[in-house]
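# Structure assessment
Chain by chain, the residues:
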Amino acid sequence: MISKGNHIKTSVGRRIFIVCNTLLMVLLCAVFLSPYLNVLAQALNDTDREGLGIIPKNFTLASVSYMLQYDGIINAFIVTVLRTLIGSVWAIIVQYAAAYALTQRQLWGKKFVLGLFILPMFISPGVVANMVTYQMLRIVNTFWVLILPSAFFFYNMTVIRIYIQSVSDSYKEAARLDGASEFNIMFRIYMPLSVPIIATVFLWTAVMYWNDWSTNLYYASSPRSERLYCLQYIIQLMQKNENYMKSITEGADHLTGGLQEVAKMDSESLKAAGIVISSLPMLVAYPFLQKFFAKGVSIGGVKE
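Residues numbered from 1 in each chain as written. Predicted model: local features only at pLDDT ≥ 70, side-chain atom pairs only at ≥ 80, totals over all residues. Heavy atoms only, no water.

### Things to note about the confidence of the model for the chain
How we decide: A residue's pLDDT is simply how confident the predictor is in it, with values from 0 to 100. Only runs of H or I of at least four residues qualify as helices and only runs of E of at least two qualify as strands under DSSP, and these elements are numbered from the N terminus. Here a residue-residue contact requires only that any non-hydrogen atoms of the pair lie within 4.5 Å.
In the predicted model, the chain carries a mean pLDDT of 78, and the fraction of residues at 70 or more is 80%. Model confidence for the chain, summarised as mean pLDDT per element, is weakest for helix α14 (residues 259-262) at 46 and strongest for helix α3 (residues 71-101) at 89. Every residue in residues 256-260 is under pLDDT 50, and counting partners more than four places away or in other chains gives six contacts. Here residues 300-304 is modelled with pLDDT under 50, and outside its nearest four sequence neighbours on either side it reaches six contacts, counting other chains as well.

Written out as structure tokens, the structure reads:
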């Protein structure tokens, strides 16, 4: 850039770079968005999908309307929201407490505990061992199996621990001189100072809980636990189980108000509508929360 008076003159090479960079970003956005826009078009289109791109050919809300009236989707949405909120809060409490404890110099056996935390990252117990453990804890086919097993991730705990270590020890020393207990120091002094990293890990955990379907598949998929089905698990069933799709479409005439509307939707449209409904909340929330994700990634790259 060349400064001339009060104006800044951009060099030719700089202009070419800006144009090429902008075109590349637009191209990447188109590549990443086109699959989702195609699914959205399928959800808002009738049964005629020949040559369907990213814009609906024959617009109809029949599939989306029916899925929003389907009791299974409503129940799954409530379960998913509760699981995400309760699970994320519980995970933050567990991971923050572990991270704070491992920052204490006087903690006996700290390296041994860290080794125990790292070990599962390399040696996974597997589904059978997990199932036996969960059965002993009596949480299989209960709401708790959707929350408790995913409450601790070593990477998230490490990120919080690194952040806590960056806080000056003078706060802790002053609190101890005033007679504060270790719990008061942890929750009333260090936790408010750790809000940025806590918000970051909370968002990571919320996205994980929201998108998880394998826990339902392995540990809460029996017919009597159908009330525990999450949104993503229902989408998996819709994609792979035609019998489940038939159970969904039963009574469609009654809910949508007539055969004319029912004729405008089929299993593929219903699947697409389910995908849109399950993914839309996170897609709407992410642009507002992106700064926390970026900050969390940069914090996670800090070395001790």
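### Re the layout of surface pockets
Using the following cut-off: Here a cavity is any set of points on a 1 Å grid over the protein atoms alone where a 1.4 Å probe fits but cannot get out, and a pocket is any open set with protein on both sides within 12 Å along at least 5 of 7 lines; a residue lines the site when it has an atom within 4 Å of a point. Grid points are joined across faces, edges and corners, and a volume is the space filled by probe spheres set on the points. Each residue is assigned to one class: nonpolar for Ala, Val, Leu, Ile, Met, Phe, Trp, Tyr, Cys and Pro, charged for Asp, Glu, Lys and Arg, and polar for all the others, Gly among them.
One number sums up the size of the largest pocket: a volume of about 710 Å³. As for the largest pocket, its lining consists of 23 residues, of which N130, Y134, P149, S150 and F152 are closest to the centre. Those elements that provide at least two residues to the lining of the largest pocket are α4 (110-122), α5 (126-137) and α10 (214-219). A class-by-class count of the residues in the lining of the largest pocket yields 16 nonpolar, six polar and one charged. Lining the second largest pocket are T103, Q104, R105, Q106, I164, Q165, V167, D169, K172, E173, R176 and Y190. Looking at the lining of the second largest pocket, the elements that each hand over two or more residues are α6 (154-165) and α7 (170-177).

### Some thoughts on the pattern of salt bridges
Which entries qualify depends on this criterion: Think of a salt bridge as a Lys or Arg side-chain nitrogen and an Asp or Glu carboxyl oxygen that are within 4 Å of each other. Exposure classes here rest on a 1.4 Å probe applied to the protein chains alone. A residue is buried below 20% of its type maximum, exposed above 50%, and partly exposed in between.
One pass over the structure, following the stated rule, counts two salt bridges. When the shortest N-O distance is used, the salt bridge between R83 and D212 registers 2.5 Å. Highlighted residues: R83 in helix α3 and D212 in the loop between α9 (195-211) and α10, separated in sequence by 129 residues. A relative accessible area of 0% places R83 in the buried class. Among the residues examined, D212 registers a relative accessible area of 13% and is labelled buried. Here E182 makes a salt bridge to R176, at a shortest N to O gap of 3.0 Å.

### Re the packing of aromatic side chains
The line we're drawing: Each Phe, Tyr or Trp ring (for Trp, its six-membered ring) is paired with any other whose centre lies within 6.5 Å, and the angle between the two planes then decides the class: stacked below 30 degrees, edge-to-face above 60, tilted in between.
Scanning all chains against the criterion turns up nine aromatic pairs. Summarising the aromatic geometry, the rings of F143 and W144 are spaced 6.1 Å apart at their centres and angled 65° between planes, so their arrangement reads as edge-to-face. Residue W144 is classed as partly exposed on the basis of its relative accessible area of 47%. Through a chain of ring-to-ring contacts, three or more aromatic side chains come together here, namely Y134, Y218 and Y219.

### Thoughts on unusual backbone geometry
In this structure, R138 takes a positive phi of about 60° despite not being glycine. Inspection of the secondary structure assignment puts R138 in the loop between α5 and α6. For R138, a relative accessible area of 74% translates into the label exposed. At N141, a position not held by glycine, the phi torsion is positive, near 60°. Examined against the element boundaries, N141 turns out to sit in the loop between α5 and α6. The exposure class of N141 is buried, given its relative accessible area of 15%.

### As for the environment of I275
Counting through the fold element by element, I275 comes out in helix α15 (residues 267-300). Residue classification places I275 among the partly exposed positions, given a relative accessible area of 24%. With 239 residues separating them in the primary sequence, I275 and Y36 have C-alpha atoms 9.3 Å apart. Excluding anything up to four places from it in sequence, I275 contacts V39, I235 and Q239.

### Description of the packing of α7 against helix α8 (residues 182-193)
To keep it simple, the criterion reads: All axes are obtained by fitting lines to C-alpha atoms, using only the stretch in contact for helices, and the reported angles, taken between N-to-C directions, cover 0 to 180 degrees. Left-handed describes a crossing whose near helix is turned anticlockwise from the far helix by less than a right angle; the clockwise case is right-handed.
Taken N-terminus to C-terminus, the directions of α7 and α8 make an angle of 145°; their axes are 10 Å apart at the nearest point. Between α7 and α8 the crossing geometry is right-handed. In contact with Y171, K172, A175 and R176 of α7, α8 contributes E182, I185, I189, Y190 and L193. Split into classes, the residues belonging to the contact of α7 with α8 amount to six nonpolar, no polar and three charged.

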